[in-house]
Amino acid sequence: MHEPKPPQKITVLGAGAWGTAVAIALAARHDVLLWGRNPAQMTQAASARENTEYLPGFPFPDGLDVTADFDAAVAHVAHGAGEAPLLIAACPVAGLRPLLQQLKGRAIPNIVWLCKGFEYETGLLPHQVVRAVLGDAVPAAALSGPSFAQEVARGLPCALTVASTDKALRERVVALVHGGNMRVYSCDDMVGVEVGGAVKNILAIATGTADGLGLGLNARAALITRGLAEITRLGTALGGHAATFMGLTGMGDLILTCTGDLSRNRRVGLALAQGKPLDTIVRELGHVAEGVPCAKAVRELAARLGVDMPITNAVAGVLFDGDSASDMVARLLARDPRDELA
């Protein structure tokens, strides 16, 4: 049996829904400080003892404090005797580089990120962005897997994967995060874990669109299965391991995001099927749907690498080229037959 660890200090940088949910879950066992850049939001959260803007209805446990003071948030995880603290970045991919720039030159114990996607301007995965800004001296890891913020905050069972080439950091993350209703597995395939977490959001848009058009469960199963093939082709082309895409951060996250009603990206697809323009969908959603910018970045990356990604291309056509949802379906159905495993 996994022995419970003594409480440790954890800072979560980013007070959106997912960052708040992770902070709530970890604060049941650890001393957690949640940082948000908006002072008014954090003052309200401190007063109400919940994140009324991004995750209302989930009270903060006693072990969770909040702040808008970045210096205090980083100082919270300064090394002390007998401590093994964690610094968790819970921003969207677009905010990762600016957040890392704020951390550059500071004495931080490690950096663990929750974001999923490609940086659009560069086509880099999160671990590549981290390396570009902080170098190789800071222990770094991705924490990913099938997980909706509301369910994690509610304490429902969840399984995640921590990916890092740093074995000691993987063990630290498992020791601190694994417990209660949260299981944490580990691997060293950062590319595979991050590609799976990024591309599944694009496929959730495709699946939501198909469901919104009433194409049926057969079509949904086909999109998910062929979508997994696309993820694997791109991931292995970038150096990921094929087996990774059959795990939590590949197949697991794909199934959840494509079928779960809490999925933001699936909701984007449902709205596209109704003929809503993208700017209206994003505004009504009120949260970041990473599949939207990711579709553009992945389409360009796949073209450069010569990787065949028809579903991704079809989604990008609807999002950015003026194609209709019915155009997307027609384009996919018109493709020539091929060997399934090719």
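Just so it is clear, the structure is predicted and the values come from calculations on it, not from any experiment.

Moving on, we get to the packing of aromatic side chains. Using the criterion set out here, one finds 1 aromatic pair in the structure. Taking the centre distance of 5.1 Å and the plane angle of 80° together, the rings of W35 and F70 count as edge-to-face. Of this pair, W35 sits in strand β2 (residues 31–35) while F70 sits in helix α3 (residues 70–75), and the two are 35 residues apart along the sequence. One exposure class covers both W35 and F70, and it is buried. Lying across the ring of Y120, K296 places its NZ or CZ 5.6 Å from the centre. The ring of F320 carries the charged tip of K296 above its face, separated from the ring centre by 4.5 Å.

Moving on, we come to the domain arrangement of the protein. Each assigned domain of the protein is listed with its residue range as follows: domain 1 (9–188) and domain 2 (198–334). A straight line from the C-alpha centre of domain 1 to that of domain 2 covers 26 Å. At the interface, 21 residues of domain 1 touch 26 residues of domain 2. Of the roughly 1800 Å² buried where domain 1 meets domain 2, counting both sides, 73% is carbon and sulfur surface.

Let us now look at the nonpolar core. Ranked by size, the top nonpolar core spans 44 residues in total, and within it F118, V195, V199, L234, V268, V298 and V315 carry the most contacts. With 10 residues, the top contributor of residues to this core is helix α8 (residues 190–212). Counting 42 residues, the second largest nonpolar core, distinct from the first, contains A23, V152, C158 and L160.

Direction vectors running N to C along α8 and helix α13 (residues 291–305) enclose 110°, while the axes themselves pass 8 Å from each other. In terms of orientation, α8 and α13 fall into the roughly perpendicular class. For the pair α8 and α13, the contacting residues are A198, V199, N201, I202 and I205 in the first and G291, V292, C294, A295 and V298 in the second. Class assignment for the residues of the contact of α8 with α13 results in 8 nonpolar, 2 polar and no charged.

So, about the pattern of salt bridges. Pairing between side chains of opposite charge can happen when the charged atoms of each approach one another. The final tally for this structure, using the stated rule, is 14 salt bridges. With its nearest N and O atoms 3.3 Å apart, the salt bridge here joins R335 to D308. Note that R335 is positioned in the segment after α15 (325–333) and D308 in the loop between α13 and α14 (310–320), a separation of 27 residues in sequence. The exposure class of R335 is partly exposed, given its relative accessible area of 35%. Owing to a relative accessible area of 31%, D308 belongs among the partly exposed residues under this scheme. Residue D308 pairs with R338 through a salt bridge whose shortest N-O separation is 2.8 Å.

A large share of strand β6 (residues 140–144) lies buried, amounting to 5 of its 5 residues. Burial along β6 is two-sided: the face carrying A140, A142 and S144 and the face carrying A141 and L143 are both buried. Judged from the 3 bridges that link them, strand β5 (residues 111–113) and β6 form a sheet pairing that is parallel. From the neighbouring strand, W113 faces β6, where its bridge partner is A142. Handedness of the crossover joining β5 and β6 through helix α5 (residues 126–134): right-handed.

Size it by volume and the largest pocket reaches roughly 1000 Å³. In terms of lining residues, the largest pocket is bounded by 41 residues, among which A17, W18, P92, R264 and V288 are the most central. Secondary structure elements with two or more residues in the lining of the largest pocket: α1 (17–27), α4 (93–103), α6 (149–154), α8, α10 (248–259) and α11 (264–273). Broken down by class, the residue content of the lining of the largest pocket amounts to 19 nonpolar, 15 polar and 7 charged.

A few words on the UniProt feature "binding site: NAD(+)" (unreviewed entry) in the protein. Feature annotation in UniProt places "binding site: NAD(+)" (unreviewed entry) on G14, A15, G16, A17, W18, G19, A149 and R264, given in this structure's numbering. Considering only the residues just annotated, the largest pocket is lined by G14, A15, G16, A17, W18, G19, A149 and R264. Inspection of the secondary structure puts G14 in the loop between β1 (9–13) and α1. The residues contacting G14, other than those within four sequence positions of it, are G19, T20, L34, W35 and A90. The class for G16 is partly exposed, based on a relative accessible area of 22%. Once residues within four sequence positions are removed from consideration, G16 is found in contact with N51 and Y54.

Rules used throughout
- Residues numbered from 1 in each chain as written.
- Predicted model: local features only at pLDDT ≥ 70, side-chain atom pairs only at ≥ 80, totals over all residues.
- Heavy atoms only, no water.
- Phe/Tyr/Trp six-rings, centres within 6.5 Å; stacked < 30°, edge-to-face > 60°.
- Helix = DSSP H or I, 4+ residues; strand = E, 2+ residues; numbered from the N terminus.
- Buried < 20%, exposed > 50% of the residue type's maximum accessible area, 1.4 Å probe, protein only.
- Lys NZ or Arg CZ within 6 Å of the ring centre and 35° of its normal.
- Domains from an automatic or database assignment.
- Contact = heavy atoms within 4.5 Å.
- Buried area = accessible area lost by both parts, 1.4 Å probe.
- Core = buried A, V, L, I, M, F, W, Y, C linked by side-chain atoms within 4.5 Å.
- Axes fitted to C-alpha atoms, helices over the stretch in contact; angles between N-to-C directions.
- Parallel < 35°, antiparallel > 145°, perpendicular 65-115°, else oblique.
- Nonpolar A, V, L, I, M, F, W, Y, C, P; charged D, E, K, R; others polar.
- Salt bridge = Lys/Arg side-chain N within 4 Å of Asp/Glu carboxyl O.
- Pairing = 2+ DSSP bridges.
- Right-handed = clockwise from strand over helix to strand, strands pointing away.
- 1 Å grid on protein atoms, 1.4 Å probe; cavity = no way out; pocket = protein on both sides within 12 Å on 5 of 7 lines; lining within 4 Å.
- Points joined across faces, edges and corners; volume = space filled by probe spheres on them.
- UniProt positions renumbered as here; feature names shortened; annotations may be inferred.

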